[in-house]
Amino acid sequence: MTPDQPLSIAEALQLAARTHHLPQLEAQVLLAHVLQTPRSHLYAWPEQPLNAAQRIAFLTLLERRQQGEPVAYLTGQREFWSLSLRVTPDTLIPRPETELLVEQALALLDPGGDARVADLGTGSGAIAAAIASERPRARLLATDISAAALAVAADNFRRLGLRRIETRQGNWCSALHPGERFDLILSNPPYVAEGDPHLLRDGLPWEPATALSSGADGLDDIRRLIGGAPDHLAADGWLLIEHGLDQGSAVRRLFDQAGYLETSTHQDLAAHDRLTRGKRPPAIGAESKGNQSP
Ligand code: GLN
């Protein structure tokens with residue numbers, strides 16, 4: 001197949017399956033992206049010819065996909081919590097399992113309430129956008145250490161009309177002002193162990209390494225979050241952290257060692273441990289009083 005041979009929609013999809021071994025749905029998503037049409041158009045007009053520019057664009061995407069580049073980066077778009085988000089290689093691609101973080105946060109947030117919520121390491125802004133779309137009165141802050149990621153997040157908030165989300169650049173809790181307190185702090189931090197072979201598969205080499213891996217056991221950033229959050233949580237404030245499927249007991253231990261209350265681990269739809277949460281440790285004064293009693 002050369003870029004100057006005529007190609008209809010149906011032929012283009014056949015080519016993707018036969019020559020590039022792409023699943024039909026992926027081929028459709030890429031072709032719909034090139035033609036700037038909904039996927040249904042491909043069924044309605046199978047004989048429509050691609051013009052030269054469309055042919056070249058589609059063949060290029062097939063090549064890149066075959067090399068392993070994630071579909072979301074090829075189209076620059078990904079759905080999360082029924083919101084359409086722009087994603088770039090500066091941001092992690094939102095994963096379906098991260099919707100658990102949103103569900104748990106919503107369960108803790110009163111529907112009409114104006115709670116303060118911080119999404120640390122927001123990336124594309126997926127988590128903050130989902131919460132803001134469900135809790136329009138909540139006051140959200142979305143942070144990221146990467147200016148490039150934060151620009152993508154801010155663009156997503158603007159496109160989705162989510163005006164109440166503040167964005168701020170900074171590393172975990174050091175992005176927060178002294179004395180600034182939240183009812184809920186949540187994060188999907190990097191948590192894959194450095195050197196984990198998983199980092200070489202499933203399109204992960206195309207994603208930002210700093211958004212994926214974190215130290216020898218994958219827990220470095222989770223330790224920072226657990227250590228830093230108490231100074232920025234309101235009295236009954238919660239910290240919610242996403243983690244790897246084999247990290248539930250280790251993360252719960254870190255919460256417990258730091259004195260958090262009501263710690264628990266929750267499972268995603270695939271029945272994997274995916275999130276641990278805890279309530280702010282009691283203030284030091286109250287704690288030392290407790291220690292002194294017989
Ligand atoms: N769940 C992702 C993966 O294993 C990792 C996301 C993250 O590190 N926050 O592909």
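Each chain carries its own residue numbering, running from 1 in the direction its sequence is written. Under the rules for a predicted model, residues below a pLDDT of 70 receive no local features and side-chain atom pairs below 80 are neither given nor counted, while totals for whole chains, interfaces and linings still include all residues. Only hydrogens and water are removed before side-chain values are computed, so all heavy atoms of the structure are retained for them.

Observations regarding the environment of L141
Next, step 1: Of note, L141 is situated in strand β4 (residues 139–144).
Next, step 2: We call a residue buried when its accessible area falls under 20% of the maximum for its residue type, exposed when it is over 50%, and partly exposed in between, using a 1.4 Å probe and counting protein chains only. Classification of L141 as buried rests on a relative accessible area of 0%.
Next, step 3: Spatially, the C-alpha atom of L141 lies 17 Å from that of L108, the residues being 33 residues apart in sequence.
Next, step 4: Throughout, a contact is declared for two residues whenever any of their heavy atoms are within 4.5 Å. Filtering out sequence-adjacent residues up to four positions away, L141 remains in contact with R116, V117, A118, D119, E166, T167, R168, L176, E180 and F182. We count a stretch as a helix when DSSP gives it H or I for four or more residues in a row; a strand needs E for two or more, and each element gets its number in order from the N terminus.

Topic: the packing of aromatic side chains
Next, step 1: Centres within 6.5 Å are what make two rings of Phe, Tyr or Trp a pair, Trp counting through its six-membered ring; a difference in plane orientation under 30 degrees is then read as stacked, over 60 as edge-to-face, and the rest as tilted. Applying the stated criterion across every chain yields a total of one aromatic pair.
Next, step 2: An angle of 65° between the planes, with centres 4.9 Å apart, marks the rings of F255 and Y260 as edge-to-face. No difference in accessibility class separates F255 from Y260, as the two residues are buried.
Next, step 3: In this structure, R277 packs its charged tip against the face of W238, placed 4.5 Å from the ring centre. In this analysis the charged atom, NZ for Lys or CZ for Arg, is taken to sit over a ring once it is within 6 Å of the ring centre and within 35 degrees of the ring normal.

With respect to the site of the ligand
Next, step 1: The cutoff for a nearby residue is simple: one of its non-hydrogen atoms must lie within 4 Å of the molecule or strand. The environment of the ligand is formed by R95, E97, N188, P189, P190, Y191, H198, L204, A211 and L212.
Next, step 2: We get accessible surface area from the Shrake-Rupley algorithm with a probe of 1.4 Å; when it comes to residues, only the shown protein chains can shield them. Protein burial of the ligand: of its 300 Å² of free accessible surface, 93% is covered by the chains.
Next, step 3: Its residues assigned to classes, the shell around the ligand comprises six nonpolar, two polar and two charged. Lys, Arg, Asp and Glu make up the charged group, whereas Ala, Val, Leu, Ile, Met, Phe, Trp, Tyr, Cys and Pro make up the nonpolar group; the residues left over, Gly among them, are polar.

Observations concerning the pairing of strand β3 (residues 116–120)
Next, step 1: For β3, the buried fraction is high: five of the five residues fall into the buried class.
Next, step 2: Here β3 shows no split at all, with R116, A118 and L120 on one side and V117 and D119 on the other all buried.
Next, step 3: The pairing criterion for strands is at least two bridges between them, as found by DSSP. Judged from the five bridges that link them, β3 and β4 form a sheet pairing that is parallel. Across the sheet, the residue bridging to R116 is R139, located in β4.
Next, step 4: Since β3 and β4 lie parallel, the crossover through helix α7 (residues 126–134) that links them has a hand, and here it is right-handed. Orient the strands so they point away from the viewer, and a crossover whose first-strand-to-second-strand path over the helix runs clockwise is right-handed.

With respect to the confidence of the model for the protein
Next, step 1: The predictor rates its confidence in each residue with pLDDT, a number between 0 and 100. Averaged over every residue, the pLDDT of the protein is 94; residues scoring 70 or more account for 95%.
Next, step 2: Here residues 287–294 is a poorly scored stretch, pLDDT under 50, and it has one contact once near neighbours within four places are set aside; other chains count.

Concerning the packing of helix α1 (residues 9–18) against helix α4 (residues 52–66)
Next, step 1: As a rule, the C-alpha atoms of each element are fitted with a line to give its axis, helices using only the stretch in contact, and angles between N-to-C directions run from 0 to 180 degrees. Close contact between α1 and α4 brings their axes to 11 Å; oriented N to C, the two are set at 20°. By the criterion of interaxial angle, the relationship of α1 to α4 is roughly parallel. The handedness of the crossing between α1 and α4 comes out as right-handed. Along its contact with α1, which presents A12, L15 and A16, the element α4 presents F58, L59 and L62.
Next, step 2: Across the contact of α1 with α4, the residue classes tally to six nonpolar, no polar and no charged. Angle categories are assigned with fixed cut-offs, so that under 35 degrees is roughly parallel, over 145 is roughly antiparallel, 65 to 115 is roughly perpendicular, and the rest are oblique. In this scheme the handedness of a crossing depends on how the near helix is turned from the far one: anticlockwise by less than a right angle means left-handed, clockwise means right-handed.

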